[in-house]
Amino acid sequence: KQWYQRRVREFEVQKIMNFGGPKQLLSAAKAALENDDGKEFADLMSLNHPFSQRNWNLSHINLDPPFDQMVFEHFQCSNALIANDFATAFNHQCNVIQIFARMFKTQKEDNWGLPMMNILIKDMYSLAVKADIVAVANGEMAGSKIDACADMLMTVFRVCASDSRTSIEYTKRWGLMPIINLLFKCYFKTNKLHLCKPLIIAIETNAANKDIKDLFSIADRVTYNYFVGMKHMFENEFKGADKCLSFAFENCLKSCITNKRKILICLIPVKMTLGYMPKVSILKKYNLCEFENVVEAVKRGDIRLLNESIQKHAGFFIRAGIYLI
């Protein structure tokens, strides 16, 4: 493991050395833009890119507008992130998103910027979470940065949702589900589940989007069904919850044990409510021993054991949001 981590660091250092400096990176960015290579430009604009791990002062950015301002804000964001100033980094990333959204909206019959959008919004959400943690530690109200992140996501969402007349190949609607999934995360964190309903309608009932609903990546669909399933569960719509959470669990990669366990924590009480008991082997495989005596109590009709089991693991069930289910 140590050898692997050392090799990763060496690779990242070599990647930075290959770029040499800001001029080389800007040259690569310019080439990507000239070729409409959204994936390459997205990689360069990622806060996880090794080049973004260093502090750069750029006096001149030789790119066409609005990309010059976008890259400038990106470097300001990177510099703030290096200084662990998450609030400032988040604000600069929001500026990047605003510039991108205005640019993306003007591009008709084209969606080459979608890879860039996916990187930018994921980085923004990550910064919002970190900035919110710091804000709470400083005595500020929890969720303020998450709310601001959701507002920026809605800006990009409207750009993608309004592109309803473009052909499937070039439509910006391919960006809807990744945006919606991040909005779900924001709304679940701030307990604003009522705001999820319009997003679900946009995917499930909007005629323009139903044709691509099942064509999104399996990763996006698993995440989407997980959150929709949880929303159904909290609203006591257990059949809908069962359908969505079962899809998420069955299609989640076998190697993603943590994610499958997270899905099961919601799926098990839903299944039990519908009369289906989980096997002990499943509980042991995913380290969900908290459910073992609960399941046994339900099978035997032992109210005393049920109450004792729930109280014993009350902290776990409350944190999972299933205590009252």
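Everything below is about the structure printed above this text.
A brief report on the enclosed structure follows. (Residues numbered from 1 in each chain as written. Predicted model: local features only at pLDDT ≥ 70, side-chain atom pairs only at ≥ 80, totals over all residues. Heavy atoms only, no water.)

Topic: the side chain of Asp132
Part 1 of the argument: By secondary structure assignment, the location of Asp132 is in helix H6 (residues 114–137).
Part 2 of the argument: One buried charge, Asp132, has no salt-bridge partner; the nearest side chain with opposite charge is Lys189, at 7.3 Å.
Part 3 of the argument: The residues touching Asp132, leaving out its near neighbours within four places in the chain, are Met141, Ala142, Gly143, Ser144, Lys145 and Ile146. (Helix = DSSP H or I, 4+ residues; strand = E, 2+ residues; numbered from the N terminus. Buried < 20%, exposed > 50% of the residue type's maximum accessible area, 1.4 Å probe, protein only. Lys, Arg positive; Asp, Glu negative; His and termini not counted. Salt bridge = Lys/Arg side-chain N within 4 Å of Asp/Glu carboxyl O. Contact = heavy atoms within 4.5 Å.)

Examining the layout of surface pockets
Part 1 of the argument: Of the volumes computed, that of the largest pocket is approximately 850 Å³.
Part 2 of the argument: Considering the residues around the largest pocket, the lining is formed by 31 residues, among which Lys185, Thr223, Tyr226, Phe227 and Lys262 are closest to the centre.
Part 3 of the argument: Per-element tally for the lining of the largest pocket: the top contributor is helix H11 (residues 218–234), with nine residues.
Part 4 of the argument: Residue composition of the lining of the largest pocket, by class: 19 nonpolar, six polar and six charged.
Part 5 of the argument: Of the volumes computed, that of the second largest pocket is approximately 390 Å³.
Part 6 of the argument: For the lining of the second largest pocket, the secondary structure elements donating two or more residues are helix H9 (196–204), H11 and helix H12 (238–251).
Part 7 of the argument: Per-element tally for the lining of the second largest pocket: the top contributor is H11, with six residues.
Part 8 of the argument: Partitioning the lining of the second largest pocket into residue classes produces seven nonpolar, three polar and nine charged. (1 Å grid on protein atoms, 1.4 Å probe; cavity = no way out; pocket = protein on both sides within 12 Å on 5 of 7 lines; lining within 4 Å. Points joined across faces, edges and corners; volume = space filled by probe spheres on them. Nonpolar A, V, L, I, M, F, W, Y, C, P; charged D, E, K, R; others polar.)

Some thoughts on the packing of H11 against helix H13 (residues 257–273)
Part 1 of the argument: Orientation of H11 relative to H13, taken along the N-to-C sense of each, is 35°, at an axis distance of 11 Å. Both H11 and H13 take part in a crossing whose hand is left-handed. On H13, the residues touching Tyr226, Met230 and Met233 of H11 are Lys262, Ile263, Cys266 and Val270.
Part 2 of the argument: Residues that form the contact of H11 with H13 fall into these classes: six nonpolar, no polar and one charged. (Axes fitted to C-alpha atoms, helices over the stretch in contact; angles between N-to-C directions. Left-handed = near helix turned anticlockwise from the far one by under 90°.)

Examining the nonpolar core
Part 1 of the argument: Judged by nonpolar contacts, the single largest core of 99 residues is most densely connected at Phe41, Met70 and Met116.
Part 2 of the argument: Ranked by the residues each element gives to this core, the list is headed by helix H5 (residues 86–106), at eleven residues.
Part 3 of the argument: Excluding residues that lie within four positions of it along the chain, Met70 makes contacts with Phe41, Met45, Val96, Ile99, Phe100, Met103 and Met116. (Core = buried A, V, L, I, M, F, W, Y, C linked by side-chain atoms within 4.5 Å.)

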